[in-house]
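In case you want the letters, here they are:
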Amino acid sequence: MSIQVTDLSKSFGDPPHKVLHEMSFEIKNGEYVSIWGRSGSGKTTLLYILSTLDSPTTGQILIDGKNPNTMSVQEIHDFRNHSIGFIFQFHYLLSELTALENILLPVRKTGEHEALQDRALEMMSLFGLKGLEHRLPSQLSGGEQQRVAIARALIRRPRYLFADEPTGNLDSKNGEIVMALLKEANQTWGTSIVLVTHERTYAQQAHRRIELIDGRLASHDAQISL
Amino acid sequence: MLFLAFRHLISRKKQTFFILLGVTLGTMVYIFVSGMQLGLREFIIEQLVENDAHLKVSGREEWIEPPAMAEALFGPNKVVSWFVPPAGKRDEERILYPQGWIERLRRTPDVAAYSEQMVIQVIAAKGAVKSNATLVGVVPDRQRQVTIIEKYITDGRYTDIGQSGNRVVVGDGLLKKMGGRLGDTLLIGGTGSKPTPFKVAAVFHLGVQQFDDNFIYGALRDVQQLNGTPGRITHIAVRLYDVTQAASLANYLSVGAADKVQSWDQANQSFLQLFQIQDLFRIMITVGILVIAAFGIYNVLTIIVNQKRREIAILRSLGYTPREIMSLFLIQGLAIGVVGAFFGLGFGYGACRWLGIWGENFSGHFKLTISYEPSIYVTAFAMATLSSLVAGLIPAVAAGRMTPIDIIRQEG
Ligand SMILES: Nc1ncnc2c1ncn2[C@@H]1O[C@H](COP(=O)(O)OP(=O)(O)OP(=O)(O)O)[C@@H](O)[C@H]1O
Ligand SMILES: [Mg+2]
């Protein structure tokens, strides 16, 4: 169980402009990895490829031994639903649904939203969201919205969690809370986490840091103290 | 997806309400107009088919032609020059050999009943009031097998005409014009016959002015006598087992016949053309409503799909398939169509009922009849749902085609 990246590159546009240069690395099961680099270095691009949303121009990626580019539409969506959680820089909650309904959205697809309601409520109190169950996103603060989004990403206890600048829009206090929750998920449920950030302090909280400079792998084996 | 689709609709109450209103209104107008048009049509057809006859044999009108006249007057092979050539109708309309027709009709398996008639133009008078009228001489027992005139008797009994005895059934409009009542005596005179007293034995009201203001029914023998032409008939009204066979049977019977044979629809082609115009009008409204409702749904859904691009990206990243995304929007269009159609059916029915109640006291050339034919309602419902489905399909398919990565890149 791992994500294996082999000779991956990504180009955009015509004539092609290479944004990610050939790179190979592996993310092991249960690992907490940060992708770190300056703005425009290709972090988000890499994250979308790792998380099946985008495909590489050359090279390949294997998640749990399977190539997402050769999966059927049904398979890839089942995989996203069961094995992957996303957290975006902007919270991206559904504005018509309450906090609780948003958290249960992934499991509603399979009709498990009633069975897992207790788990969602538990997570809400764990994330400091008790009492906000029936509020709409517009009635929540930015930090609360982001915590709802994290709860949504984790409701299924997915094997992988991908987060793109989850602290980007938050103040430092809320940023710390989010970071603590990620760490907690990694420790309690063994969720593999790939965190994209340009902030060194947050990047250092991961087990391992992958540094990108202009679309090239600068270093990726430096183990950071846990 | 149903859950989310309805949340979307509820969260945009005003927009949803207005498209719903559009669909409702469209469906309602369709039902109302169709109910009125088809009601009128049913009524007219009933009048034409049931009150007149499915098929009618009548004497051919013959015109005087100079060569034939010359031969009759001066013998054959004479050259005759006229100062003023003879012209005009030769005789009153009559069936030359009624017995032959009757035997033929009896032998025709499609014929359910027939009734001989003598139709003449008369002047009816009551006191100083005079009025032109059409007097129809019938054998009541046979006439009632051919038409449903009995259903429209408002006063007295149709069969009181009897075999003879100068009793008549009069249209209520005509009677009113003359200031007469049931039991009164009218003086009826034909062209060249002296006025004879007839007693009003019954009154009918068909709801068609042309009949109610004009027609008098009497016993065949009385009318023949009044006209001074015993044994003569001018028409034979025929009822068939299957009215749809009328035209073909009329064509078949008229081959080689000296008399005219016409089915009800051949005799009333102008009405049937009117129906075609009505149909065209209805199709135009239908298409108009369809386009408006569909366009509204299309527009709103297109806007929604664009407003909800981020949501689409989220749902896809959470594992919702393109097909599920498509159904999310398709359901919304369809829901508006179905709910709007239901309201439209209800309001349309209500409007028809209201018009029906109002129309009870309405009198004009025709009685106001409204059709509640189920096919109107089925068509309206199918129309509304189908158009909303089609209208929803385009934006829904577009939504299904969007990929999360494209959306995220564009939204930043
Ligand atoms: N769809 C695209 N078409 C063309 N160029 C693109 C596209 N997406 C990204 N790029 C380019 O690829 C490079 C890397 O972009 P990316 O978004 O991965 O950077 P990033 O490291 O996430 O930056 P930031 O920290 O600002 O989010 C940038 O130069 C960007 O302009
Ligand atoms: Mg980025």
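Data block above holds the structure.
Undergrad: Just checking my understanding: could you explain the overall build of chain B for this structure?
TA: Across its full length, chain B carries 15 helices and 10 strands. Expected size for 412 residues packed as a compact globule is a radius of gyration near 22 Å; at 33 Å, chain B overshoots this value by more than 25%. The 412 residues of chain B split such that 47% are buried. For chain B, the share of sequence-separated contacts (at least 6 apart) that also reach a separation of at least 24 residues comes to 79%. Carbon together with sulfur atoms contributes 60% to the accessible area of chain B, which is approximately 20,800 Å² in total.

Undergrad: Looking at this structure, how should I read the overall build of chain A?
TA: Across its full length, chain A carries 8 helices and 9 strands. Relative to its length of 226 residues, chain A is compact, with a C-alpha radius of gyration of 17 Å against a globular reference of 17 Å. Counting only C-alpha atoms and orienting by the principal axes, one finds that chain A spans roughly 50 × 40 × 35 Å. By residue count, 57% of the 226 residues in chain A fall in the buried class. Residue pairs at least 24 apart in sequence account for 69% of intrachain contacts in chain A once pairs closer than 6 positions are excluded.

Undergrad: Even after reading the chapter, I still don't get the pattern of salt bridges, so can you show me in this structure?
TA: Between side chains of opposite charge, a pair can form as their charged atoms come close. Tallied over the entire structure, the rule returns 16 salt bridges over all chains. Among the ionic pairs, A:K10 bridges to A:D54, the shortest N-O distance being 3.4 Å. Here A:D54 lies in the loop between α1 (43-50) and β4 (58-63) and A:K10 lies in strand β1 (residues 2-12), a separation of 44 residues in the sequence. Notably, a salt bridge pairs A:E101 with B:R7, separated by 2.6 Å at the nearest N-O pair. In this pair, A:E101 is assigned in helix α3 (residues 99-103) and B:R7 in helix α1 (residues 2-11), connecting two distinct chains. Classification of B:R7 by relative accessible area gives partly exposed; the value is 24%. Residues joined in a network through salt bridges with shared partners are A:K10, A:D54 and B:R409.

Undergrad: Hey, could you run me through the site of ligand 1 in this one?
TA: Contacts to ligand 1 come from A:F12, A:V19, A:R38, A:S39, A:G40, A:S41, A:G42, A:K43, A:T44, A:T45, A:E165 and B:R409. Nearby residues place ligand 1 at the junction of chains A and B. Here A:S39 contributes a side-chain N or O atom positioned 2.5 Å from an oxygen atom of ligand 1. Contact distances for ligand 1 include 3.4 Å between a nitrogen atom and a side-chain N or O atom of B:R409.

Undergrad: Would you explain the nonpolar core in this entry?
TA: Nonpolar side chains in soluble globular proteins tend to end up buried together. A:I3, A:L46, A:L50, A:F162 and B:F329 are the most contacted members of the largest nonpolar core, which totals 69 residues. Tallying contributions element by element places helix α13 (residues 322-359) of chain B first for this core, with 8 residues. Apart from residues lying up to four places away in sequence, A:F162 is in contact with A:I3, A:L47, A:L50, A:S51, A:I84, A:G85, A:F86, A:I87 and A:V194. The next biggest cluster of nonpolar side chains, apart from the first, holds 62 residues, and it includes B:A124, B:L135, B:L220 and B:A246.

Undergrad: Can you help me understand the layout of surface pockets in this one?
TA: Vacant regions in the atomic arrangement are exposed by a probe of water-molecule size rolled over the atoms. Residues and elements named next belong to chain B. Put simply, the largest pocket is a space of about 880 Å³. Together, 40 residues line the largest pocket, and D52, K56, V119, F215 and H235 are the ones closest to its centre. Broken down by secondary-structure element, the contributors of at least two residues to the lining of the largest pocket are α2 (13-52), β1 (55-58), β2 (111-126), β3 (129-138), α7 (209-212), β8 (215-219), β10 (260-263) and α10 (264-267). Residue composition of the lining of the largest pocket, grouped by class: 15 nonpolar, 17 polar and 8 charged. Shared between two domains, the lining of the largest pocket holds at least three residues of each, these being domain 1 (2-48 + 271-411) and domain 2 (89-258).

About the criteria used
- Residues numbered from 1 in each chain as written.
- Chains lettered and ligands numbered in written order.
- Predicted model: local features only at pLDDT ≥ 70, side-chain atom pairs only at ≥ 80, totals over all residues.
- Heavy atoms only, no water.
- Helix = DSSP H or I, 4+ residues; strand = E, 2+ residues; numbered from the N terminus.
- Rg over C-alpha atoms; globule rule 2.2 N^0.38 Å.
- Buried < 20%, exposed > 50% of the residue type's maximum accessible area, 1.4 Å probe, protein only.
- Contact = heavy atoms within 4.5 Å.
- Areas by Shrake-Rupley, 256 points an atom, 1.4 Å probe, with all protein chains shown as cover.
- Salt bridge = Lys/Arg side-chain N within 4 Å of Asp/Glu carboxyl O.
- Near = heavy atom within 4 Å.
- Polar contact = N/O pair within 3.5 Å; in protein donor to acceptor, adjacent residues only side chain to side chain.
- Core = buried A, V, L, I, M, F, W, Y, C linked by side-chain atoms within 4.5 Å.
- 1 Å grid on protein atoms, 1.4 Å probe; cavity = no way out; pocket = protein on both sides within 12 Å on 5 of 7 lines; lining within 4 Å.
- Points joined across faces, edges and corners; volume = space filled by probe spheres on them.
- Nonpolar A, V, L, I, M, F, W, Y, C, P; charged D, E, K, R; others polar.
- Domains from an automatic or database assignment.

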